[in-house]
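Results of the structural survey
For reference, the chains in residue letters:
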Amino acid sequence: MAKKAQIGDILEIPTKKGLAYVQFSHYHEPPPHYRAIIRVLPGFFSERPAQFQALADQKELYYTLFPVQGAVNRNIFSIVGHAEVPRHAKKFPLFRAGNSDPRTGKVGQWWLWDGTKSWKIDALTDEQLDLSIKSGWNDLFLIDRIEEGWTPRNADAFMQAARLENRIQKTPEIKGIRHFLLFKNSINAEQAKRQVEDIAFNCEIIDNGHGFSLIVIQGAPLTKEYVENAAVRLTEIARKTGGIYDAWETAL
């Protein structure tokens with residue numbers, strides 16, 4: 001009989017990059033009974049740590065809803081240790097949730113959820129970009145997200161990269177991509193341009209009359225990793241320089 005999972009248990013997640021670990025941290029009781037919530041812990045390991053409290057005490061990468069007991073019962077993942085849930089993680093985590101537009105992949109309206117109630121917000125603050133996204137994952141999705149370095153902050157970039165990868169697969173003759181970063185002033189656009197050029201992308205600034213667009217050219221090879229890396233890096237550059245990553249456009 002499989003071991004009964006308890007709050008604090010550590011599950012081992014085998015990945016292509018090494019062993020990763022999550023902690024069963026909360027159990028959602030109120031209707032609609034989402035049940036188990038895990039903390040995804042940082043790092044990859046070549047071998048299992050001798051003890052897990054030091055790892056569990058670290059700031060988690062994010063939380064997600066996950067069927068812990070089901071994964072243990074089916075021998076998908078194993079409980080390999082136990083640690084006290086650290087003080088900063090004992091309170092039920094605040095999540096964000098939103099529905100994405102299938103045409104753009106972007107979320108137009110966000111809600112926050114504290115495990116009991118939800119409320120609408122006008123827009124995400126920079127701090128709220130790090131809030132975990134309310135969603136339930138299976139084991140394969142969890143492994144993929146851990147391996148590719150997904151976090152709530154870069155979730156939009158990964159969504160755009162997935163949409164772009166789908167376009168590339170359907171249109172293999174695509175030779176290049178144009179990414180668009182938007183800015184309110186030329187100073188910020190110039191700052192972003194310098195950082196983009198540092199990662200070896202060609203780019204140019206266009207004055208739209210009501211703002212500035214930084215157009216970034218990405219060429220071959222248009223592999224999944226290259227597309228994801230570009231979307232994540234450009235999104236972060238835009239955020240740090242006061243702009244936004246707006247969209248991409250394929251060029252044949």
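Above this text sits the structure in question.
Here we summarise the structure given alongside this text. Keep in mind that what you see is a predicted model, and the values were worked out from it rather than measured. (Residues numbered from 1 in each chain as written. Predicted model: local features only at pLDDT ≥ 70, side-chain atom pairs only at ≥ 80, totals over all residues. Heavy atoms only, no water.)

All right, on to the pattern of salt bridges then. Under the counting rule described, the total for this entry stands at 12 salt bridges. Linking R153 and D130 is a salt bridge whose minimum nitrogen-to-oxygen distance equals 2.9 Å. Placement of R153 in the loop between helix 3 (139-148) and helix 4 (155-170) and of D130 in the loop between strand 8 (118-121) and strand 9 (132-133) is noted, with a sequence separation of 23 residues between them. Each of D126, D130, R153, E236, R239 and K240 takes part in salt bridges that share partners, so that together they form one network. (Salt bridge = Lys/Arg side-chain N within 4 Å of Asp/Glu carboxyl O. Helix = DSSP H or I, 4+ residues; strand = E, 2+ residues; numbered from the N terminus.)

With 10 of 11 residues buried, strand 2 (residues 18-28) lies mostly within the body of the structure. Where strand 1 (residues 9-15) and strand 2 come together, 6 bridges link them in antiparallel fashion. The partner of L11 across the bridge, within strand 2, is V22. The antiparallel pairing of strand 1 with strand 2 creates a hairpin that spans 2 residues between the two strands. Here 6 bridges tie strand 2 to strand 3 (residues 35-40), and the two strands are oriented antiparallel to one another. Residue pairing for strand 3: H28 is matched across the bridge by R35. (Buried < 20%, exposed > 50% of the residue type's maximum accessible area, 1.4 Å probe, protein only. Pairing = 2+ DSSP bridges.)

Scanning the entire structure with this criterion turns up 12 aromatic pairs. On the numbers, 5.7 Å between centres and 65° between planes, the contact of Y62 with W137 is edge-to-face. Taken as a pair, Y62 in strand 4 (residues 62-65) and W137 in the loop between strand 9 and helix 3 lie far apart in primary sequence, 75 residues in all. On the basis of relative accessible area, W137 is assigned to the buried category, the value being 7%. Taking 5.6 Å as the distance between ring centres and 85° as the angle between the ring planes, the aromatic pair formed by F92 and W113 counts as edge-to-face. Taken together, the residues F92 in the loop between strand 5 (78-82) and strand 6 (95-100) and W113 in strand 7 (residues 107-113) connect sequence positions 21 residues apart. Judged by relative accessible area, W113 falls into the buried class, the value being 5%. Clustering of aromatic rings is evident, with ring pairs tying together Y62, W137, F141 and W150. Here the guanidinium or amino end of R96 rests over the ring plane of W110, the centre of that ring lying 4.7 Å away. Directly above the ring of W113 sits K134, whose terminal nitrogen or CZ lies 4.3 Å from the centroid. (Phe/Tyr/Trp six-rings, centres within 6.5 Å; stacked < 30°, edge-to-face > 60°. Lys NZ or Arg CZ within 6 Å of the ring centre and 35° of its normal.)

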